[in-house]
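Examining the three-dimensional arrangement
The chain contents come next:
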Amino acid sequence: MTFQHPADRGGNEPGLFARLAERASNFTSSPVFFGVCLALVALVAVAHALKLSDEWLLLAGESMTAVTLLLLALLKNSERRAEHTIQRKLDAIAAALLEMHGNKPGEAFEDLRKAIRMEEET
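Residues numbered from 1 in each chain as written. Predicted model: local features only at pLDDT ≥ 70, side-chain atom pairs only at ≥ 80, totals over all residues. Heavy atoms only, no water.

Digging into the pattern of salt bridges
Side chains carrying opposite charge are able to pair once their charged atoms draw close together. Throughout the structure, instances matching the rule amount to 1 salt bridge. A salt bridge links Glu79 to Lys76, with the shortest nitrogen-to-oxygen separation between them at 3.5 Å. Of this pair, Glu79 and Lys76 both sit in helix 4 (residues 54-101), 3 residues apart, which is roughly one turn of the helix. Relative accessible area serves as the criterion here: at 43%, Lys76 is assigned to the partly exposed category. (Salt bridge = Lys/Arg side-chain N within 4 Å of Asp/Glu carboxyl O. Helix = DSSP H or I, 4+ residues; strand = E, 2+ residues; numbered from the N terminus. Buried < 20%, exposed > 50% of the residue type's maximum accessible area, 1.4 Å probe, protein only.)

Some points on unusual backbone geometry
The residue Lys51 is not glycine, and still its phi comes out positive at about 50°. Secondary-structure assignment places Lys51 in the loop between helix 3 (31-49) and helix 4. Looking at Lys51, the relative accessible area reads 73%, which means it is exposed.

The following block contains the structure:
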C-alpha cells in the first residue's frame, strides 16, 4: 500500500491503475452507463412494487450501493489527478516568470512548454 499522490506513483507513463481509471471514467460518462443506472433504479422500483422477497430487495440495494461506492472512488481519483496537474502548471508558470524577470530563459520555459495540455495526459 502506498500513500503517495496518485499522479506521483506512475512516473511519466500512466500505470495500469491510471489507465483503468481513465477507461472507467470514460465508461461512466457514456450513455450505456446511464442506462445501467436506470436499470438498477428500475429494478429497485419493480422489486418494491411487486413486493418481492427481501433477498431481491437486498440484491437491488446492494447493487446500487456498490455502484455508488465505485463512482465515489473514481471521482476522487479524477479530482486528485486534475488538482496535481493544475498545480504543476502553476509551478511551471511561476518559474518561467521568475526566469523571465532575470532575463535568462532556460529549464523553466521548457517545463512550461511541457505543462501545456498536461490535463489530457492525466
